[in-house]
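# Chains, contacts and geometry: an overview
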Amino acid sequence: MNFLPLTPPGQTPPRVLTIAGSDSGGGAGIQADMRTFALLGVHSMVAITAVTVQNSLGVKGFHEIPTDVIAGQIEAVVTDIGVQAAKTGMLASSEIIETVAGTWRDLGLAGTPFVVDPVCASMHGDPLLHSSALGTLRTELFPLASLVTPNLDEVRLLVGIEVVDEQTQRHAAKALHALGPQWALVKGGHLRGSAHSPDLLYDGTEFYEFDAPRVDTGHDHGAGDTLAAATACALAHGYSMPEAVAFGKAWVTECLRAAYPLGAGHGPVSALFRLQA
Ligand code: PXL
């Protein structure tokens, strides 16, 4: 695959911010985001929203970071370092979503690429967002997003559509776009019985399809985070949205091929393949 342009040593690379939760097992969340950011050659910045207690077997619980500390992290890095793109992951609660949306607006970041990955649960089904916060995600954060990247479970929760084929995927993309993001990506990775993983991107006018062969691995922890993180990096480099999503898809496909077992449960997708010569 083609990678993103690298910045010469000693020069400041594009700066990308992740607003997300910590995964103590190191597979998903900010750990996955920062691994992708680093291996794509961008500078990583973080605003931690919650600290999860988890390993390869599941999420045992989480602690939410106070909202003033979340807003403070975003403001501190944006006002000093500057940000070429940002992404969100686990946001846990309505209050945290309101804080992130309010801070984004207050800092005048409307023109900055903003990828909203509406994380609702872990791959084990453990909740990472209080169900009462779904409405806040739809009404407060989606209208600010350049791109939203739900998987099929999140599509069902957010717009009540069961995606089973191309037609329902298009229907879902339209319903998500109607909530206000500039672009909606309906990821097909969870489409059952398919040898492919077709993702559908929509901007209110045109559909763009991104297909990849399904990588059959039981180790796909962090796949959604990694796709959104790589897409944000490409946007930080000035790629158009279809180009950035194509790049994110190619990156996560390679990370899925390189996924490894870890602990007694599910292992993570791996960006470490990038270190092979
Ligand atoms: O992959 C979604 C995700 C995001 N953020 C955190 C997570 C997970 C999945 O477990 O733990 C912190």
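Here the residue numbers are simple positions, counted from 1 along each chain's written sequence. Per-residue local features of the predicted model are confined to residues with pLDDT of at least 70, and side-chain atom pairs are confined, for both listing and counting, to 80 or more; whole-chain, interface and lining totals are unaffected and use all residues. Computation of side-chain values: all heavy atoms of the structure, hydrogens and water removed.

Rules: UniProt positions are given in the numbering used here, feature names are shortened, and annotations may be inferred rather than shown by experiment.
As named in an unreviewed UniProt entry, the chain is Hydroxymethylpyrimidine/phosphomethylpyrimidine kinase, taken from Mycolicibacterium sarraceniae. Per UniProt, the chain carries the Function (unreviewed entry) text "Catalyzes the phosphorylation of hydroxymethylpyrimidine phosphate (HMP-P) to HMP-PP, and of HMP to HMP-P."

### Description of the overall build of the chain
To keep things clear, this is the line we draw: Each helix is a run of DSSP H or I of at least 4 residues and each strand a run of E of at least 2, with the numbering of both proceeding from the N terminus. When we talk radius of gyration, it's over C-alpha atoms, and the globule rule is simply 2.2 Å times the number of residues to the 0.38. Type-normalised accessible area, obtained with a 1.4 Å probe on protein chains alone, sets the label of each residue: buried when under 20%, exposed when over 50%, and partly exposed for intermediate values. Contact definition: two residues touch when any of their heavy atoms are within 4.5 Å. The accessible surface values rely on the Shrake-Rupley method and a 1.4 Å probe; as for residues, cover is taken only from the protein chains in view.
Looking only at helices and strands, the chain features 8 helices and 9 strands. Its C-alpha radius of gyration of 17 Å places the chain within 12% of the 19 Å reference for a compact globule of 277 residues. Considered along the principal axes of its C-alpha atoms, the chain spans approximately 50 × 45 × 40 Å. Considering the chain as a whole, with its 277 residues, one finds that 53% of them fall into the buried category. Excluding contacts between residues fewer than 6 apart, the proportion of contacts in the chain whose partners are at least 24 apart in sequence is 68%. Here the chain has roughly 11,300 Å² of accessible surface; of this, 52% comes from carbon and sulfur atoms.

### Description of the site of the ligand
Under the convention used in this document: Nearness is judged by heavy atoms alone; a residue qualifies as near a molecule or strand once a single heavy atom is within 4 Å of it. Whenever two N or O atoms come within 3.5 Å, that pair is a polar contact, provided that in protein one can donate a hydrogen and the other can accept it, and provided that, for residues adjacent in sequence, both atoms are side-chain atoms. Side-chain classes follow a simple rule in which Ala, Val, Leu, Ile, Met, Phe, Trp, Tyr, Cys and Pro form the nonpolar group, Asp, Glu, Lys and Arg form the charged group, and the remainder, Gly included, forms the polar group.
Within the structure, the ligand sits among G21, S22, A28, G29, T52, Q54, M90, V119, S122, L128, H221 and D225. Contact distances for the ligand include 2.6 Å between an oxygen atom and a side-chain N or O atom of D225. Relative to its unbound accessible surface of 310 Å², the ligand loses 93% to contact with the protein. Secondary-structure elements contributing two or more residues to the shell around the ligand are β1 (15-23) and β2 (43-55). Of the residues contributing to the shell around the ligand, the split by class is 4 nonpolar, 7 polar and 1 charged.

### A word on the sheet that holds strand β3 (residues 58-64)
Filter applied, for reference: In this description, strands pair whenever DSSP reports at least two bridges between them. For helices, the fitted line uses only the C-alpha atoms of the stretch in contact; every axis is such a line through C-alpha atoms, and the angle between N-to-C directions lies from 0 to 180 degrees.
Across the sheet, 9 strands lie side by side as β3-β2-β1-β4-β5-β6-β7-β8-β9; this open sheet has mixed pairing. The open sheet has two edge strands with one neighbour each: β3 and β9 (207-210). Pairing of β2 with β3, which is carried by 6 bridges, proceeds in the antiparallel orientation. From the neighbouring strand, V53 faces β3, where its bridge partner is G61. Contacting β1 and β2, helix α2 (residues 67-80) runs over the sheet at an angle of about 155 degrees to β2. Here helix α8 (residues 241-257) sits on the sheet and contacts β6 (147-148), β7 (183-186), β8 (199-202) and β9; the angle it forms with β9, its principal contact strand, is near 20 degrees.

### Let's talk about the nonpolar core
Heads up, the condition is: Remark: nonpolar core denotes a set of buried residues (Ala, Val, Leu, Ile, Met, Phe, Trp, Tyr, Cys) joined through side-chain atoms within 4.5 Å.
Counting residues in each nonpolar core, the largest one holds 48 residues, and the members touching the most others are L17, V100 and L141. When residues in this core are grouped by element, the largest group, 5 residues, is from helix α3 (residues 94-106). Look past the residues within four positions of V100 in its chain and what remains in contact with it is I19, I70, I74, T88, L91, F114 and L141. One finds A223, A232, A244 and F273 within the second-largest nonpolar core, a separate group that totals 34 residues.

### Digging into the packing of α2 against α3
The condition that has to hold: Angle categories: roughly parallel below 35 degrees, roughly antiparallel above 145, roughly perpendicular from 65 to 115, and oblique for all the rest. Left-handed is the label given to a crossing in which the near helix is rotated counterclockwise from the far helix by less than a right angle, and right-handed is the label when the rotation is clockwise.
As a packed pair, α2 and α3 sit with axes 9 Å apart at the nearest point and diverge in direction by 30 degrees. Relative to α3, α2 is oriented roughly parallel. Crossing of α2 against α3: the hand is right-handed. Of the residues in α3, those in contact with T67, I70, A71 and I74 of α2 are E95, I96, T99, V100 and T103. Its residues placed into classes, the contact of α2 with α3 shows 5 nonpolar, 3 polar and 1 charged.

### Focus: the side chain of T136
Looking at where T136 falls in the secondary structure, it is placed in helix α4 (residues 134-141). Taking relative accessible area as the criterion, T136 reaches 10% and is therefore assigned buried. Those residues in contact with T136 that lie beyond four places of it in its chain are S94, I97, E98 and L141.

### A closer look at the pairing of β2
Convention followed: The definition of a right-handed crossover adopted here requires that, viewed with the strands pointing away, the path from the first strand over the helix to the second runs clockwise.
Here β1 pairs with β2 via 8 bridges, running parallel. Its bridge partner lying in β2, A20 is registered against I48. Crossover β1 to β2 through helix α1 (residues 29-39) is right-handed.

### Observations regarding α4
Cut-off, in case you're wondering: Taking the helix axis as origin, the arc is that swept by the directions to the C-beta atoms.
Turning to α4, its buried residues number three or more, namely L134, T136, L137 and L141. Viewed along the axis of α4, the buried residues span an arc of 165 degrees, placing them on a single side of the element.

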